[in-house]
Amino acid sequence: MKRNALLGAVVLLAVTSASEAAADGGPGPLGVTAVAAATAQSDRVGALFSADDAEAGRLTGEHFCTASVVHSPHGDLIATAAHCLTGAGELAFVPGYRDGKAPYGSWRVGRVFLPDGWSKGQDEDSDVAFALVDERDGKGVEDVVGANRFATRTTTGATAVTVTGYPDALEVPIRCTNRPTAHTATQQRVECPDFTGGTSGSPWVNGYGEVVGVLGGHEQGGATADISYSVVLGPEAAELYRDATADP
């Protein structure tokens, strides 16, 4: 699991808006971590909370993992790491979470989809998961914040990826763009500083707006804050996505 450490929050918050915008857009300085600007892309990413904390408005300091909205026929699907959904109890997803506020509301997490490899043995090569979130006011979460496509069988490092996540020690998301490389045939890695505990489940979004990785996998995301991992999204992830998007 990502090791908790006190982030260089002052450094992160002092990053110039120009550098932040470059990182948000994908091109620009690679391997630089900054506080993510509030954009349509970053608002598709959110923090996970216990449902009790979210419903009681106890948000500050209580988030523990990251998830993101991925496109589905019913507009109700989020992707995260399997280890984030294991034994966590009733959960809520808060997209665009910042500084104790839920700008798009809190969405209760319903049915969870875990790969067989994780359910049967917590195989690190199966550390990806989906969950359905309940509607709010007759709308799905994708109707409200949009979604990225979930893509499998892509070539690792074909484009740089932008990783957005919520460290436990901060109340805002951070973002970094860099080109991933192969760690093994089933794991990929990316060098981005300050991705500590809480960033598990962060989406890796490529230059085509596709989620091609989910922070987790090897060592449940990495033993250090500067190198993060993801399962290579292959046949098992594709089958899991089909299960999660099938009609009930």
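Look up: the structure comes first, before these words.
Note that the structure is a prediction, hence the values are computed from the model and not measured.

Visitor: Explain the packing of aromatic side chains here, please?
Guide: Any aromatic ring pair is given by two values, namely how distant the centres are and how the planes are angled relative to each other. In this structure the tally under the stated criterion is five aromatic pairs. Judged by centre distance (4.9 Å) and plane angle (75°), the ring pair of Phe130 and Phe150 falls under edge-to-face. Linking Phe130 in strand S7 (residues 129–133) with Phe150 in strand S8 (residues 149–150), this pair joins segments that are 20 residues apart in sequence. Considered together, Phe130 and Phe150 belong to a single accessibility category, that of buried residues.

Visitor: Teacher, can you tell me more about the state of the cysteines here?
Guide: Under the criterion given, the structure shown has two disulfides. Disulfide partner of Cys65: Cys84, at an S-S distance of 2.1 Å. When the S-S torsion is -75°, as for the bridge of Cys65 with Cys84, the disulfide is left-handed. One end of the pair, Cys65, is in strand S3 (residues 65–69); the other, Cys84, is in the loop between strand S4 (77–80) and strand S5 (91–95), with 19 residues separating them in the sequence. On the basis of relative accessible area, Cys65 is assigned to the buried category, the value being 6%. Two residues, Cys176 and Cys192, share a disulfide whose sulfurs are 2.1 Å apart. Across the S-S bond of Cys176 and Cys192 the torsion is about -80°, and the bridge reads as left-handed. Of this pair, Cys176 sits in strand S10 (residues 174–178) while Cys192 sits in the loop between strand S12 (187–191) and strand S13 (203–205), and the two are 16 residues apart along the sequence.

What counts as what
- Residues numbered from 1 in each chain as written.
- Predicted model: local features only at pLDDT ≥ 70, side-chain atom pairs only at ≥ 80, totals over all residues.
- Heavy atoms only, no water.
- Phe/Tyr/Trp six-rings, centres within 6.5 Å; stacked < 30°, edge-to-face > 60°.
- Helix = DSSP H or I, 4+ residues; strand = E, 2+ residues; numbered from the N terminus.
- Buried < 20%, exposed > 50% of the residue type's maximum accessible area, 1.4 Å probe, protein only.
- Disulfide = S-S within 2.5 Å.

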